Amino acid sequence: PPLHRQRHQFVIDFVERNKPKKVGDLGCGECSLLKKLRFHREVELLVGVDINGTQVHKNMHGLAPLSTDYLQPTYNQLCIELYQGSVTQKDARLRGFDLLTSIELIEHLTLADVKSFSEVVFGYMTPAVAIISTPNSEFNPLFPGLAGFRHSDHKFEWSRAEFRTWALEVCQDFGYEVEFTGVGQAPSGLQERVGFCSQIGVFRRLRARDDSNVLLEDVFSYTLVSSLNLYH
Ligand code: SAM
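Residues numbered from 1 in each chain as written. Predicted model: local features only at pLDDT ≥ 70, side-chain atom pairs only at ≥ 80, totals over all residues. Heavy atoms only, no water.

### Looking at the sheet that holds strand 5 (residues 129-135)
Phase 1: The mixed open sheet is built from eight strands, whose spatial order is 6-7-5-4-1-2-3-8. Each edge of the open sheet carries a strand with a single partner, namely strand 6 (176-183) and strand 8 (223-231). Going from strand to strand, the sheet's axes swing by 15° on average, the running direction of each strand aside.
Phase 2: Of the strands in this sheet, strand 4 (99-103), strand 5, strand 6 and strand 7 (198-205) touch helix 1 (residues 3-18), which is tilted by about 170° from strand 4. (Pairing = 2+ DSSP bridges. Helix = DSSP H or I, 4+ residues; strand = E, 2+ residues; numbered from the N terminus. Axes fitted to C-alpha atoms, helices over the stretch in contact; angles between N-to-C directions. Contact = heavy atoms within 4.5 Å.)

Okay, here's the thing in structure tokens:
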């Protein structure tokens, strides 16, 4: 399957195994991951955030229920909310989630904005788990004819060591542990040398949400684009 599907499948497999109730996708783009996640019955709240409000707006209709969704004999309630906003800004409505994902987003930020992203996501939103994916630059020589970055909007592409350095600093600063993995295998024999095409960090919060979180101020900087309640 194409790489973007493999990245989303990685999240879906995680959701199937861990059954988070509140899930948010940061930089949700065309909402294709959210569209798949809405079929998972354990999910009660599904939130998407993207800086590109037009894109989110255009795709929100695809999240509306199919008529058959109403015909299920047993149902759970699912609330879907889409916001226009930047992941460099805090918003209290994204706090306390079981899972936040950020798939191929951070490489679109300047390094100063990556720092804000880390503070917002790990210091303020404090999800129990965060899944972050980004290109692995060590894999790039396997793309024929690629000179420079994989996409003109990328501000950087990190090697495994660079991703690791950022991730371990996040863990140290905000009390998380991280496991490194990825999707997109190199041809046999090269996997060890170049790693995965997309590298993924699965971050787990070490402490339970404690009283110190109560002291975090409630900030609302995102704009609600759409909100749906459905039964599934
Ligand atoms: N996560 C989606 C996926 O896997 O298909 C989309 C990935 S796309 C390469 C990057 C997305 O990040 C775009 O939709 C873009 O609008 C969004 N984005 C870029 N900067 C952002 C920011 N500061 N805050 C929120 N979203 C941002």
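This is not the end of the story, as more comes after the structure.
### Observations concerning unusual backbone geometry
Phase 1: We note that Lys19 has phi near 50°; this positive angle belongs to a residue other than glycine.
Phase 2: Locating Lys19 in the fold gives a position in the loop between helix 1 and strand 1 (22-26).
Phase 3: Of note in the backbone geometry, Cys31 takes a positive phi value of approximately 65° without being a glycine.
Phase 4: Mapped onto the secondary structure, Cys31 falls in the loop between strand 1 and helix 2 (32-37).

### Describing the site of the ligand
Phase 1: The immediate surroundings of the ligand are formed by 15 residues, with His8, Gly27, Asp50, Val87 and Ile103 found nearest.
Phase 2: Interatomic distance of 2.6 Å between a side-chain N/O atom of Asp50 and an oxygen atom of the ligand.
Phase 3: Contact distances for the ligand include 2.9 Å between a nitrogen atom and a backbone N or O atom of Ile103.
Phase 4: Considered on its own, the ligand offers 600 Å² of accessible surface; in the complex 79% of this is hidden by protein.
Phase 5: Most atoms of the ligand, that is more than half of them, are within 2 Å of grid points of the largest pocket. (Near = heavy atom within 4 Å. Polar contact = N/O pair within 3.5 Å; in protein donor to acceptor, adjacent residues only side chain to side chain. Areas by Shrake-Rupley, 256 points an atom, 1.4 Å probe, with all protein chains shown as cover. 1 Å grid on protein atoms, 1.4 Å probe; cavity = no way out; pocket = protein on both sides within 12 Å on 5 of 7 lines; lining within 4 Å. Sits in = over half its atoms within 2 Å of the grid points.)

### Considering the packing of helix 4 (residues 111-125) against helix 5 (residues 160-174)
Phase 1: Taken N-terminus to C-terminus, the directions of helix 4 and helix 5 make an angle of 45°; their axes are 11 Å apart at the nearest point. The orientation of helix 4 relative to helix 5 falls into the category oblique. The handedness of the crossing between helix 4 and helix 5 comes out as right-handed. Here Val114, Phe117, Ser118, Glu119, Phe122 and Gly123 of helix 4 lie close against helix 5, whose contacting residues are Trp166, Val170 and Phe174.
Phase 2: Classifying every residue of the contact of helix 4 with helix 5 gives six nonpolar, two polar and one charged. (Parallel < 35°, antiparallel > 145°, perpendicular 65-115°, else oblique. Left-handed = near helix turned anticlockwise from the far one by under 90°. Nonpolar A, V, L, I, M, F, W, Y, C, P; charged D, E, K, R; others polar.)

### Topic: the environment of Cys171
Phase 1: Assignment of secondary structure puts Cys171 in helix 5.
Phase 2: Taking the C-alpha atoms as reference, Cys171 lies 9.9 Å from Ser118; in sequence the two are 53 residues apart.
Phase 3: Sequence-distant contacts of Cys171, defined by excluding residues within four places in its chain, comprise Tyr176, Glu177, Val178 and Phe203.

### Things to note about the side chain of Thr134
Phase 1: Inspection of the secondary structure puts Thr134 in strand 5.
Phase 2: Residue class for Thr134 comes out buried when judged on its relative accessible area of 0%.
Phase 3: A distance of 2.9 Å separates the side chain of Thr134 from the side chain of Glu107, its partner in a polar contact. (Buried < 20%, exposed > 50% of the residue type's maximum accessible area, 1.4 Å probe, protein only.)

It is worth stressing that arrangement in space is one thing and function is another; only the former is reported here.
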